[in-house]
Amino acid sequence: MDELYWGCLIFGIIFAFLSVIIGDLLSDALDGMFEFLSIDGPDYIKPMVIVGFITTFGGSGILLTEYVTSIALIVIPLALIVAFVTSVLIYLFYVKPMNNAEVSTGFTYQDLIGKIGEVSIPLPEDGYGEVTVNIGGGNTNQIAKSFEHHSIPSGEKVVVIDVKESVLLVSKLNEFKE
């Protein structure tokens, strides 16, 4: 069993070295050649969690065999429990927060529907102008047209009603005061 534990530990160390030190260099050099190997699925099925489990299983198996007992029927379940707990902690305190921290500035036109913007270039009755809309932590300037075919001057607040052929259809924002 010692060979299995050492194999798991060495595999994890090599994987960590390759992914941290050489991973970006290989990724840039191979230009995404192995992109098809990426796993799309639940967050807990990530290479860091899986390899963390394997590495911890190997390391804890070695330590338990050396310092607790050499009886395999006791060491294997204990090593599996330690590996499982460590993997859960890796997921909860590293993988999940990092996934939640990802912010994208990308958006689709459908994301703009319902957003409030400001006219930056006046919209004529039957023509086009420009609207600035705040989305994704930044501003985007988009071609716009009046939804009701009314002219809308610069600086006017508008709401995006619909999007047709990459053109925002906007209407004046009615601000009700009580």
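Our structure's up above, just so we're on the same page.
Please read all numbers here as calculations on a predicted model, not as lab measurements. (Residues numbered from 1 in each chain as written. Predicted model: local features only at pLDDT ≥ 70, side-chain atom pairs only at ≥ 80, totals over all residues. Heavy atoms only, no water.)

The next subject is the overall build of the protein. Summing up its helical and strand segments, the protein has four helices and five strands in all. Put simply, the protein runs from its N terminus to its C terminus through helices and strands in the order α-α-α-α-β-β-β-β-β. The 178 residues of the protein split such that 26% are buried. For the protein, the share of sequence-separated contacts (at least 6 apart) that also reach a separation of at least 24 residues comes to 54%. Of the roughly 12200 Å² of accessible surface on the protein, 63% is carried by carbon and sulfur atoms. (Helix = DSSP H or I, 4+ residues; strand = E, 2+ residues; numbered from the N terminus. Buried < 20%, exposed > 50% of the residue type's maximum accessible area, 1.4 Å probe, protein only. Contact = heavy atoms within 4.5 Å. Areas by Shrake-Rupley, 256 points an atom, 1.4 Å probe, with all protein chains shown as cover.)

Judged by nonpolar contacts, the single largest core of 13 residues is most densely connected at V131, L168 and V170. Elements supplying a minimum of two residues to this core: β2 (129-135), β4 (157-164) and β5 (167-172). Residues in contact with V170, not counting those within four places in the same chain, are L123, V131, A144, K145, S146, F147, E148, I152, V158, V159, V160 and I161. Membership of the second largest hydrophobic core comes to nine residues, among which are F57, L64, V75 and A79. (Core = buried A, V, L, I, M, F, W, Y, C linked by side-chain atoms within 4.5 Å.)

Turning next to unusual backbone geometry. The phi dihedral of H149 falls on the positive side, at around 60°, and the residue is not glycine. For H149, the location among the structural elements is in the loop between β3 (138-146) and β4. The backbone phi angle of E165 is positive, close to 50°, even though this residue is not glycine. Structurally, E165 is set in the loop between β4 and β5.

Here helix α2 (residues 47-67) contains 21 residues, and its C-alpha end-to-end distance of 30 Å stays within 8% of the 30 Å for a straight helix at 1.5 Å per residue. Within α2, burial applies to V49, V51, G52, T55, T56, F57, G58, G59, S60, G61, I62 and L64. (Expected span 1.5 Å × (residues − 1).)

Another aspect to go through is the pattern of salt bridges. Going through the model one piece at a time under the given rule, you end up with two salt bridges. Of the charged contacts, one joins K157 and E118 as a salt bridge, the two residues approaching to 3.8 Å between their closest N and O atoms. Here the residue K157 occupies a position in strand β4, and E118 occupies one in strand β1 (residues 116-121), the gap between them amounting to 39 residues. A salt bridge links D162 to K164, with the shortest nitrogen-to-oxygen separation between them at 3.3 Å. (Salt bridge = Lys/Arg side-chain N within 4 Å of Asp/Glu carboxyl O.)

Relative to the helices and strands, L89 is located in helix α3 (residues 72-101). L89 gets classed as partly exposed once you look at its relative accessible area, which sits at 42%. Along the sequence, L89 and V49 sit 40 residues apart, while their C-alpha atoms lie 9.1 Å from each other.

Two elements in contact, α2 and α3, have axes separated by 8 Å at closest approach and are oriented at 145°. In this structure, the crossing between α2 and α3 has a hand that is right-handed. Taken together, the residues that form the contact of α2 with α3 break down as 17 nonpolar, seven polar and no charged. (Axes fitted to C-alpha atoms, helices over the stretch in contact; angles between N-to-C directions. Left-handed = near helix turned anticlockwise from the far one by under 90°. Nonpolar A, V, L, I, M, F, W, Y, C, P; charged D, E, K, R; others polar.)

This part covers the packing of aromatic side chains. Overall, the coordinates contain two aromatic pairs when judged by the stated rule. Geometrically, the ring pair formed by Y5 and F57 is edge-to-face, given 5.5 Å between the ring centres and 65° between the ring planes. You can see Y5 sitting in helix α1 (residues 2-30) and its partner F57 sitting in helix α2, a full 52 residues away along the chain. F57 matches Y5 in its accessibility class, with the two residues each being buried. With a centroid separation of 6.2 Å and an interplanar angle of 35°, the aromatic rings of F11 and F15 are classed as tilted. Taken together, the positions of F11 and F15, both in helix α1 and four residues apart, correspond to about one turn of that helix. (Phe/Tyr/Trp six-rings, centres within 6.5 Å; stacked < 30°, edge-to-face > 60°.)

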